Amino acid sequence: LYINFVSAYTEESQSPKPDSGRPAVIDGVLLNGPTLNVLTAENFINQSMVIIMEDAVKRATDVREKVCEWRYPEELKELLDLELREVGESESKILQRCRDAIKYSVKTTHPRFFNQLYAGMEPYSMVASFIVEALKPSLYTYEVAPVFLLMEEAVLKKMMEVVGWEEGGDGIFNAGGSMSNMYAVNLARYRHCPDIKEDGLSAAPRLVMFTSQECHYSISKAAAFLGIGTKNVYVVPSDNRGKMIPSALEEQIKTAKSEGAVPFMVNATAGTTVLGAFDPIQEIADICEKYKLWLHVDACWGGAALISKKHKHLLKGIHRADSVAWNPHKMLMACLQCSAFLVRDKTNLLQRCHSARASYLFQQDKFYDVSYDTGDKSIQCSRKPDVFKFWLMWKALGTGELEKRVDRALAMARYLAQEIKRREGFRLLMEPEYANVCFWYIPPSLRNLPDGPELWNKLHTVAPVVKERMMKKGSMMVSYQPHGDNVNFFRMIIISPQASRQDMDFVLDEIHDLGKDL
């Protein structure tokens, strides 16, 4: 793969024309002609692209290379020479800065990076990212971003079809799933209490919302940020697989109402961060309809299952949601960030909730259809065209290939679970429902201990040491965490089509090699 990122301008076409006018000097600054040497800039970009291709694309995705080059913070500060000075550095030094930035960064595109809910190298989305950075557009009006606003409209429409909203809806791409969940909370509150936009919190009763104990932390952050208060987020118990218990939700709603609070929203999670659990959306939707509550589905992680005919049943009932958060930069591998917020409403609720009608941007007497000036729906002003990273990839691969990616990732997770059950010293936390595989590694010294406090207390210390060793070796990256009453366990996230059965075997072999002496 070679990306010829910069057009080859000729010296003649780029040289400024002689200025026959008198010199223009303001405040001692000469204003005649440009000060940027385009040929020099082009040469630097070309050299940089060679480094990017060699170090950030080829080597970063080579299974024989390290996933990370670990350094402690103080050492890394010295290596990077972070101080900013009065005089700039030479081009050769700056190119070395580029090499160093790549060298000491974690290679999340590496086939053995299993640490987060994103991974892998996606070439079409990567090229789209390069194009976006070269053009520097911002999505608020059609006049400055015509191509990307039309793309956003088309992709949002297609995503709504996938969700099952046959009559369409509304939506916007934004800077991450946490932002999408915040949009949902704000929109649900506005629908329940529209006066709050102008009159503030004094116009609202004590509003409360409901979410499971397994939800993403952005829900409580949204409550804090929007002035709802974290104590007004009722946490609904989950079952032993991490799914919200609908009967417990209804009990919480009744309790809140009896306390004089006003319920306005339920957040269901489709693909929890740790266990990969899917809340029973259908049953939760029944309860929301009964009590007239906004239903938001956080499908940032699990939304990709909708692409798969084999696995879309995991989100059964999602078409009944009022809003959905879905991150194509996760399982579908679009470059970060690429996050969509979808709303079933067709009455311009999103616009009414967030609009500020800035007259210098959203003039109503423009010469084109101003309905394409969608920026007033957003709480941002400048907004990157993240949709292009998804649109170009989807155009290149087609829905069928995206479906194969999802199916393969989940099949690979099943394979890993089978291997864990087969191998001595490994214990599965639970059968995976999605691409999260959670398990313990039990070193030989602990294998004869019965289940009980002694085993669990000692086992709690194993995963952190193994993680430290794998990071310092650079062989792979796998996350770990405690969860509820469970002591530290490993959480493997499988996404990348570059990862193979051999990589799954390698992970288990490597964990054993790194931890067998503990």
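Residues numbered from 1 in each chain as written. Predicted model: local features only at pLDDT ≥ 70, side-chain atom pairs only at ≥ 80, totals over all residues. Heavy atoms only, no water.

(A) Structural context of the side chain of Asp298. By the element assignment, Asp298 lies in strand 8 (residues 294-298). For the buried Asp298, which has no salt bridge, the nearest side chain bearing the opposite charge is Lys330, at an N-O separation of 6.4 Å. Within the structure, Asp298 has its side chain in polar contact with the backbone nitrogen of Cys300 (distance 3.1 Å). With sequence-adjacent residues up to four places away left out, Asp298 is seen in contact with Asn181, His216, Asn267, Ala268, Thr269, Ala270 and Ala325. (Helix = DSSP H or I, 4+ residues; strand = E, 2+ residues; numbered from the N terminus. Buried < 20%, exposed > 50% of the residue type's maximum accessible area, 1.4 Å probe, protein only. Lys, Arg positive; Asp, Glu negative; His and termini not counted. Salt bridge = Lys/Arg side-chain N within 4 Å of Asp/Glu carboxyl O. Polar contact = N/O pair within 3.5 Å; in protein donor to acceptor, adjacent residues only side chain to side chain. Contact = heavy atoms within 4.5 Å.)

(B) Layout of helix 7 (residues 177-192). When the terminal C-alpha atoms of helix 7 are compared, their 23 Å separation across 16 residues agrees well with the 22 Å that a helix rising 1.5 Å per residue should span. The buried fraction of helix 7 is high, at 13 of 16 residues. (Expected span 1.5 Å × (residues − 1).)

(C) Local environment of the packing of helix 7 against helix 9 (residues 218-225). Taken N-terminus to C-terminus, the directions of helix 7 and helix 9 make an angle of 50°; their axes are 9 Å apart at the nearest point. The angle between the axes of helix 7 and helix 9 places the two elements in the oblique class. Judged by the twist between their axes, the crossing of helix 7 over helix 9 is right-handed. Contact with helix 7, carried on its side by Ser178, Asn181, Met182 and Val185, involves Ser218, Ile219, Ala222 and Phe225 of helix 9 and no other residues of that element. For the contact of helix 7 with helix 9, the class distribution of residues is 5 nonpolar, 3 polar and no charged. (Axes fitted to C-alpha atoms, helices over the stretch in contact; angles between N-to-C directions. Parallel < 35°, antiparallel > 145°, perpendicular 65-115°, else oblique. Left-handed = near helix turned anticlockwise from the far one by under 90°. Nonpolar A, V, L, I, M, F, W, Y, C, P; charged D, E, K, R; others polar.)

(D) Inspection of the confidence of the model for the chain at higher detail. Chain-level statistics for the chain give a pLDDT mean of 94 and a share of 96% at 70 or above. Note that pLDDT drops below 50 for residues 1-13; the model gives that stretch 22 contacts with residues more than four away or on any other chain. (pLDDT = per-residue confidence, 0-100.)

(E) Quick peek at the packing of aromatic side chains. Taken as a whole and judged by the stated rule, the model has 17 aromatic pairs. When the centroid spacing of 5.0 Å and the interplanar angle of 80° are considered together, the rings of Trp301 and Tyr434 count as edge-to-face. With a gap of 133 residues between them, Trp301 in the loop between strand 8 and strand 9 (323-326) and Tyr434 in the loop between strand 11 (426-428) and strand 12 (436-441) connect regions that are remote in the sequence. With respect to class, Trp301 is no different from Tyr434; both count as buried. A centroid spacing of 4.9 Å and a plane angle of 35° characterise the contact between Phe390 and Trp394, whose relative ring orientation is tilted. A residue pair is termed a helical-turn pair when its members lie 3 or 4 positions apart in one helix, as Phe390 and Trp394 do in helix 13 (residues 387-422) at 4 residues. For Phe390, a relative accessible area of 0% gives the class buried. (Phe/Tyr/Trp six-rings, centres within 6.5 Å; stacked < 30°, edge-to-face > 60°.)

(F) Quick peek at the sheet that holds strand 8. Ordered in space as 4-10-9-8-7-5-6, the 7 strands form an open sheet in which the pairing is mixed. Two strands bound the open sheet, and with one partner strand each, they are strand 4 (170-174) and strand 6 (233-236). On average, adjacent strands in this sheet sit at an angle of 20° to one another, irrespective of strand direction. In this sheet, strand 10 (residues 339-343) lies alongside strand 4 in antiparallel orientation, the contact comprising 5 bridges. (Pairing = 2+ DSSP bridges.)

(G) Quick peek at a nonpolar patch on the surface. Where nonpolar side chains cluster on the molecular surface, the patch consists of Ile26, Val29 and Leu31 and spans about 280 Å² of accessible area. With respect to the secondary-structure elements, Val29 resides in strand 2 (residues 29-30). (Patch = residues over 30% accessible without salt bridge, like charges linked within 9 Å, V, L, I, M, F, W, Y side chains within 5 Å. Areas by Shrake-Rupley, 256 points an atom, 1.4 Å probe, with all protein chains shown as cover.)

(H) Representation of helix 6 (residues 146-163) within the structure. Between the first and last C-alpha of helix 6 there are 26 Å, a value that for 18 residues agrees with the 26 Å anticipated at 1.5 Å per step. Among the residues making up helix 6, those that are buried are Phe148, Leu149, Met151, Glu152, Val155, Leu156, Met159, Met160 and Val163. What you see down the axis of helix 6 is that its buried residues fit within an arc of 165°, all on one side. Along its buried surface, helix 6 packs onto helix 5 (123-135), strand 4, strand 9, strand 10 and helix 13. Gly164 occupies a position one or two residues after helix 6 and carries a positive phi of about 110°. (Arc of directions from axis to C-beta.)

(I) Region of interest: the sheet that holds strand 13 (residues 477-483). Read from one edge to the other, the open sheet built from 5 strands follows the order 3-13-14-12-11, with strand pairing classed as mixed. Strands at the two margins of the open sheet, each flanked by one partner only, are strand 3 (113-114) and strand 11. As judged from the 2 bridges shared by strand 3 and strand 13, these two strands associate in the parallel manner. In the strand pairing of strand 13, Phe113 is matched with Met477.

(J) Examining the pattern of salt bridges more closely. Within the structure shown, the criterion is met by 41 salt bridges. With a closest N to O distance of 3.0 Å, Asp81 and Arg97 form a salt bridge. Of this pair, Asp81 sits in the loop between helix 3 (73-80) and helix 4 (91-103) while Arg97 sits in helix 4, placing them 16 residues apart in sequence. Look at Asp81 and you get partly exposed, because its relative accessible area is 29%. The class for Arg97 is partly exposed, based on a relative accessible area of 24%. Linking Lys309 and Glu403 is a salt bridge whose minimum nitrogen-to-oxygen distance equals 3.0 Å. Of the two residues, Lys309 sits in the loop between strand 8 and strand 9 while Glu403 sits in helix 13, which places them 94 residues apart along the sequence.

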